[in-house]
Amino acid sequence: LQRGDFRRLLATRLLSQFGDGVFQAALAGTVLFNPQRAADPVDIAAGFAILLLPYSLVGPFAGVWLDRWSRRQVLLRANVVRAGLVAVVAVLILGGVEGAAFYSAGLAVFSVNRFVLSALSAGLPHTTDEPSLVAANALSTTAGGVSTVVGGATALLLLEATSSANPGYAAMALAAAGPYLAASAVVRGFSRAHLGPDHMVGEVRRSVGETARDTLAGLVAGARHVAARPPAAAALLAIGLHRFCYGVFTLMTLLLYRNTFAEGGGLFPGGILGLGQVVAAAAIGTLVAAVVTPPVVRRIGTRRWIPLLLVGGAGAQVALGLWFTPFAVVLVGVLLGFVAQGVKICVDSTLQETVEDDFRGRVFSVYDTLFNLTFVVALVAGAVTLPESGLSSLVPVVVAGGYVLAAVTYSRITRAH
């Protein structure tokens, strides 16, 4: 925080991800809790797939362009574009539009979001020194995650002042435009080349065919770059398996609060407020992980810390399989928030330390694609194995086995290296 450029990049992230929280809450409310719509496991998984699978394909393009274009310019323009797109989504929600048009508009917002998050990660090493990367990632990604939760909570408060129908959710979506525009204004303080890449080619105009070939070549180059570095490959494997496990938990939680915990009040309510409570609990786990991970990594290293976190995730899933109550889901949310953030901090830092800067954008785009594809596969798997109630004692045990597999595989690869 002593560096002004780090503070500026952090402020850009906080504003961007605050807007993400507002927009995600609007979409979640529209799809899951809007009384004018209905949802079952397959519908929810299909919605996620439509939003996540296609824009995962944007990842390779984002990587190639982030290694060619000014990352400052990407952050500046992408946030302005997102502000315009969320306004389109708000109009569609207000008009009660469903199906392909609605999901396509949401897809466009999340597609641009890939450029923003990848540019923030690829540009971070230009605002801190290498010994501080773990701490910088801990602060940046955790603060960004918390900002997303705060944005979602703010959207829920806005919903209380409007209505839990199309007009209310439209207002929530439109409110996301403000933080996006503010983030664009903040990033203007950087010079064009400040965030890299180190050997910027410039914004050259190419045909679609040339761009597609460059993209494929860039993706292959990024994958080869990772494959030649076992710590980086092991890190991506660990985060991929974790995201699969986390995706199943996400769908189970959505179904529980949509259909089983739909009613109820008191300390642990049901419905969208209860779901917001789980998200807030995960944010608390995220914050604790940000405080704990840097000193632990300094003492035992990421090679030992990542497997310990994954084994902790397995324990949390076993506990959930034995005890299905709102309190238990909130508690598991805290634990998995801790695991998710601890693993992500270590993976981000591993990639930033082991990957050359000129490949960093391409590698992070491969990372983003893996991050989303495994999540979607998990949602599809959950849709065919989970009942509409979300109640299943077997599925959490199987997911716990996935966490153990991730821990063992990561340990073997890094030990061999």
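Residues numbered from 1 in each chain as written. Predicted model: local features only at pLDDT ≥ 70, side-chain atom pairs only at ≥ 80, totals over all residues. Heavy atoms only, no water.

S.K.: Explain the overall build of the chain to me, please; I cannot follow it from the model alone.
M.R.: The helix and strand tally for the chain stands at 15 helices and zero strands. Here the C-alpha atoms of the chain give a radius of gyration of 20 Å, agreeing with the 22 Å that 2.2 N^0.38 yields for 417 residues. Seen through its principal axes, the chain has C-alpha atoms that stretch 55 × 50 × 45 Å. Across the 417 residues in the chain, those meeting the buried criterion constitute 56%. (Helix = DSSP H or I, 4+ residues; strand = E, 2+ residues; numbered from the N terminus. Rg over C-alpha atoms; globule rule 2.2 N^0.38 Å. Buried < 20%, exposed > 50% of the residue type's maximum accessible area, 1.4 Å probe, protein only.)

S.K.: Just checking my understanding: could you explain the environment of valine 31 for this structure?
M.R.: Tracing the sequence through the fold places valine 31 in helix H1 (residues 4–33). According to the relative accessible area criterion, valine 31 is partly exposed, its value standing at 21%. Residues valine 31 and aspartate 358, spaced 327 residues apart in sequence, show a C-alpha to C-alpha distance of 40 Å.

S.K.: Would you mind showing me how to read the nonpolar core here?
M.R.: Inside soluble globular proteins, nonpolar side chains tend to come together where they are buried. Of all hydrophobic cores here, the largest spans 66 residues; its most connected members are Tyr257, Leu310, Val347, Leu351, Tyr367 and Tyr403. Of all elements in the fold, only helix H2 (41–56), helix H10 (230–260), helix H11 (271–300), helix H12 (302–322), helix H13 (326–354), helix H14 (357–385) and helix H15 (394–416) reach the threshold of two or more residues within this core. When sequence neighbours within four positions are dropped, the list of residues in contact with tyrosine 367 reads Leu236, Ile239, Lys344, Val347, Asp348 and Leu351. Formed by 27 residues, the second largest nonpolar core is a distinct cluster that contains Val22, Leu156, Ala173 and Ala177. (Core = buried A, V, L, I, M, F, W, Y, C linked by side-chain atoms within 4.5 Å. Contact = heavy atoms within 4.5 Å.)

S.K.: Would you take a moment to explain the pattern of salt bridges for this structure?
M.R.: With the rule as written, the count across this model stands at six salt bridges. For aspartate 20, the salt bridge goes to arginine 82, with nearest N and O atoms at 2.8 Å. Residue aspartate 20 is found in helix H1, and its partner arginine 82 is found in helix H4 (residues 71–94); the two are separated by 62 residues along the sequence. Between aspartate 357 and arginine 71 there is a salt bridge; the shortest N-O distance is 3.8 Å. Separated by 286 residues along the polypeptide, aspartate 357 in helix H14 and arginine 71 in helix H4 bring together distant segments of the chain. Within this structure, Arg71, Asp357 and Arg360 form a network of salt bridges that share partners. (Salt bridge = Lys/Arg side-chain N within 4 Å of Asp/Glu carboxyl O.)

S.K.: Help me understand unusual backbone geometry, please; the structure alone is not making it clear to me.
M.R.: The bulk of non-glycine residues show a negative phi, and the bulk of peptide bonds are trans. Look at the link from glycine 196 to proline 197: it is a cis peptide, with omega at 5°. In this fold, proline 197 is placed in the loop between helix H8 (177–187) and helix H9 (208–227).

S.K.: Would you mind showing me how to read the confidence of the model for the chain here?
M.R.: A low pLDDT score tells you not to read the predicted coordinates there in detail. Taken as a whole, the chain shows an average pLDDT of 86; of its residues, 90% reach a score of 70 or greater. Here helix H3 (residues 58–66) is the element of the chain with the lowest mean pLDDT, 68, and H8 is the one with the highest, 97. Overall, residues 201–205 carries pLDDT values under 50, and its contacts beyond four positions in sequence, including any with other chains, amount to nine contacts. (pLDDT = per-residue confidence, 0-100.)

S.K.: Any chance you could explain the state of the cysteines here in plain terms?
M.R.: By definition, a disulfide links the sulfur atoms of two cysteine residues through a covalent bond. In total, this model carries zero disulfides according to the counting rule given. Looking at cysteine 245, it has no disulfide partner, and the nearest cysteine sulfur is the one in cysteine 346, 17 Å off. (Disulfide = S-S within 2.5 Å.)

S.K.: Even after reading the chapter, I still don't get a nonpolar patch on the surface, so can you show me in this structure?
M.R.: A cluster of nonpolar residues, Val318, Leu322, Trp323, Phe327, Leu331 and Leu335, forms a patch on the protein surface that exposes about 580 Å² of accessible area. Those elements giving two or more residues to the nonpolar patch turn out to be H12 and H13. Ranked by residue count, the leading element in the nonpolar patch is H13, at three residues. Note that phenylalanine 327 resides in helix H13. Exposure remark for phenylalanine 327: the relative accessible area of 37% places this residue in the partly exposed category. (Patch = residues over 30% accessible without salt bridge, like charges linked within 9 Å, V, L, I, M, F, W, Y side chains within 5 Å. Areas by Shrake-Rupley, 256 points an atom, 1.4 Å probe, with all protein chains shown as cover.)

S.K.: How should I be thinking about the packing of H10 against H12 in this particular structure?
M.R.: Two numbers describe how H10 lies on H12: the axes approach to 12 Å, and their chain directions differ by 20°. When the axes of H10 and H12 are compared, the pair comes out roughly parallel. The two elements H10 and H12 cross, and the hand of that crossing is left-handed. Packed against H10, whose contacting residues are Ala238, His242, Phe249 and Met252, the element H12 presents Ile306, Leu310, Gln317 and Leu320 at the interface. Split into classes, the residues belonging to the contact of H10 with H12 amount to six nonpolar, two polar and no charged. (Axes fitted to C-alpha atoms, helices over the stretch in contact; angles between N-to-C directions. Parallel < 35°, antiparallel > 145°, perpendicular 65-115°, else oblique. Left-handed = near helix turned anticlockwise from the far one by under 90°. Nonpolar A, V, L, I, M, F, W, Y, C, P; charged D, E, K, R; others polar.)

S.K.: Which parts of the structure should I look at to understand a positive patch on the surface?
M.R.: On the surface, a cluster of positive charge is contributed by Arg303, Arg304, Arg412 and Arg415. Secondary-structure elements contributing two or more residues to the positive patch are H12 and H15. Arginine 303 sits in the partly exposed class, given a relative accessible area of 36%. (Lys, Arg positive; Asp, Glu negative; His and termini not counted. Charge placed at Lys NZ, Arg CZ, Asp CG, Glu CD.)

S.K.: Got a minute to help me understand the side chain of threonine 12 in this structure?
M.R.: Here threonine 12 is to be found in helix H1. Side-chain polar atoms of threonine 12 contact the backbone oxygen of arginine 8, separated by 3.0 Å. What threonine 12 contacts, discounting residues up to four positions off in sequence, is Leu120, Ala183, Val186 and Val187. (Polar contact = N/O pair within 3.5 Å; in protein donor to acceptor, adjacent residues only side chain to side chain.)

S.K.: Looking at this model, I keep getting lost on H12. Mind explaining?
M.R.: An α-helix turns once per 3.6 residues; consequently, residues spaced three or four apart project the same way. Helix length check: H12 (21 residues) gives 31 Å between terminal C-alpha atoms against 30 Å at 1.5 Å per residue, within 8%. Where H12 is concerned, the buried positions are Trp305, Ile306, Pro307, Leu309, Leu310, Gly313, Ala314, Ala316, Gln317, Leu320 and Gly321. Elements in contact with the buried residues of H12: H10, H11, H13 and H15. (Expected span 1.5 Å × (residues − 1).)

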